[in-house]
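One-letter residues, chain by chain:
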Amino acid sequence: MPLSILSDPSAVVSRLRTPSESWVEACTGEGGELFPSIDIPQARFSSKGVGWVAEPAEIFTGCYDEDEEIPDECVCIASYGLDQQMMEMPTGEIAVYNPGGWDSASGMASSCDFVSEGHAGAAVSLLAAIVAELEVLDGLDSGPRETALRVALGEVDSFVEALPDDVDGPHFWSTVTRDLRRHYRMP
């Protein structure tokens with residue numbers, strides 16, 4: 001059972017490149033925002049109850065090169081698993097923060113997972129639409145359900161692997177697709 005949200009990959013990539021409130025609303029039912037305030041437990045994603053502010057030099061210890069300009073502050077806009085999406089101010093770029101990090105609680109950041117909150121919001125909205133379609137498969141008997149889930153999750157993997165570099169959000173997608181597979185008990 002193919003996922004209708006991914007039936008035209010080039011149109012989806014176009015939506016990811018030019019995020020809009022109408023795309024967020026079409027995917028999530030949440031209007032008026034470029035970044036939806038939603039929970040997607042199947043992918044361990046939540047943008048509710050976040051918003052704490054941090055000094056990047058403190059939370060991203062040792063992650064900035066000498067020649068890099070350290071942002072003024074970071075605002076947590078979402079969490080997924082142990083990772084958190086941090087909006088760097090004033091640029092609006094979205095970095096990934098893992099409080100455990102690679103050096104036992106010294107923090108770890110990606111240089112930039114998304115170029116803006118809107119681009120991150122478009123990716124989150126796409127994830128919500130994918131999960132809504134996967135939920136429909138829960139009504140199937142176990143054999144057909146497993147087959148349909150295998151095909152659908154394979155389609156998601158193929159789409160994510162083919163995403164162009166300017167919209168790929170590699171850390172976000174690798175984490176949430178791994179968590180989707182865990183949730184649906186698919187290898």
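Residues numbered from 1 in each chain as written. Predicted model: local features only at pLDDT ≥ 70, side-chain atom pairs only at ≥ 80, totals over all residues. Heavy atoms only, no water.

## Brief notes about a negative patch on the surface
Then comes step 1: Taken together, the side chains of Glu55, Glu58, Glu69, Asp72 and Glu73 define an acidic patch exposed on the protein surface.
Then comes step 2: Along the chain, aspartate 72 falls in the loop between helix H3 (56–59) and strand S4 (73–80).
Then comes step 3: A relative accessible area of 61% places aspartate 72 in the exposed class. (Patch = residues over 30% accessible without salt bridge, like charges linked within 9 Å, V, L, I, M, F, W, Y side chains within 5 Å. Areas by Shrake-Rupley, 256 points an atom, 1.4 Å probe, with all protein chains shown as cover. Salt bridge = Lys/Arg side-chain N within 4 Å of Asp/Glu carboxyl O. Lys, Arg positive; Asp, Glu negative; His and termini not counted. Charge placed at Lys NZ, Arg CZ, Asp CG, Glu CD. Helix = DSSP H or I, 4+ residues; strand = E, 2+ residues; numbered from the N terminus. Buried < 20%, exposed > 50% of the residue type's maximum accessible area, 1.4 Å probe, protein only.)

## Some details on the packing of helix H4 (residues 117–136) against helix H6 (residues 170–183)
Then comes step 1: At a minimum axis separation of 12 Å, H4 and H6 run at an interaxial angle of 15°. The orientation of H4 with respect to H6, classified from their angle, is roughly parallel. Taken as a pair, H4 and H6 cross one another with a handedness that is right-handed. Contacts from Ala123, Val124, Leu126, Leu127, Val131 and Leu134 of H4 reach H6 at Phe172, Trp173, Val176 and Leu180.
Then comes step 2: A per-class count over the contact of H4 with H6 returns 10 nonpolar, no polar and no charged. (Axes fitted to C-alpha atoms, helices over the stretch in contact; angles between N-to-C directions. Parallel < 35°, antiparallel > 145°, perpendicular 65-115°, else oblique. Left-handed = near helix turned anticlockwise from the far one by under 90°. Contact = heavy atoms within 4.5 Å. Nonpolar A, V, L, I, M, F, W, Y, C, P; charged D, E, K, R; others polar.)

## With respect to the side chain of aspartate 83
Then comes step 1: Structurally, the position occupied by aspartate 83 is in strand S5 (residues 83–89).
Then comes step 2: The buried charged residue aspartate 83 lacks any salt bridge partner; its closest oppositely charged side chain belongs to arginine 178, at an N-O distance of 5.7 Å.
Then comes step 3: If we ignore the near neighbours within four places in the chain, the residues touching aspartate 83 are Ala78, Val96, Tyr97, Asn98, His171 and Thr175.

## With respect to the pairing of S5
Then comes step 1: For S5, a buried count of 6 out of 7 residues is recorded, marking the element as mostly surrounded by other parts of the structure.
Then comes step 2: Where S5 meets strand S6 (residues 94–97), 4 bridges bridge the pair, whose relative direction is antiparallel. Among the inter-strand pairings, glutamine 85 is bridged to a residue of S6, identified as valine 96.
Then comes step 3: The turn linking S5 back onto S6 is made up of 4 residues, and glycine 92 within it adopts a positive phi angle of 85°. (Pairing = 2+ DSSP bridges.)

## Some words on unusual backbone geometry
Then comes step 1: Note that the residue after methionine 89, namely proline 90, is joined by a cis bond; omega there is 10°.
Then comes step 2: With respect to the helices and strands, proline 90 occurs in the loop between S5 and S6.
Then comes step 3: Non-glycine residue arginine 44 carries a positive phi angle of around 50°.
Then comes step 4: Following the sequence through the fold, arginine 44 ends up in the loop between strand S1 (39–40) and strand S2 (45–46).
Then comes step 5: For arginine 44, a relative accessible area of 41% corresponds to the partly exposed category.
Then comes step 6: Located in the positive-phi region is arginine 185, a residue other than glycine, with phi close to 55°.
Then comes step 7: Relative to the helices and strands, arginine 185 is located in the segment after H6.

## Brief notes about H4
Then comes step 1: Taking 1.5 Å per residue, 20 residues should reach 28 Å; H4 reaches 29 Å between its end C-alpha atoms and fits that length.
Then comes step 2: Within H4, 16 of the 20 residues are buried, which leaves the element mostly enclosed by the surrounding structure.
Then comes step 3: One side-chain oxygen of the residue at the start of H4 lies 3.3 Å from the amide nitrogen of glycine 118, identifying that residue as serine 116. (Expected span 1.5 Å × (residues − 1). Polar contact = N/O pair within 3.5 Å; in protein donor to acceptor, adjacent residues only side chain to side chain.)

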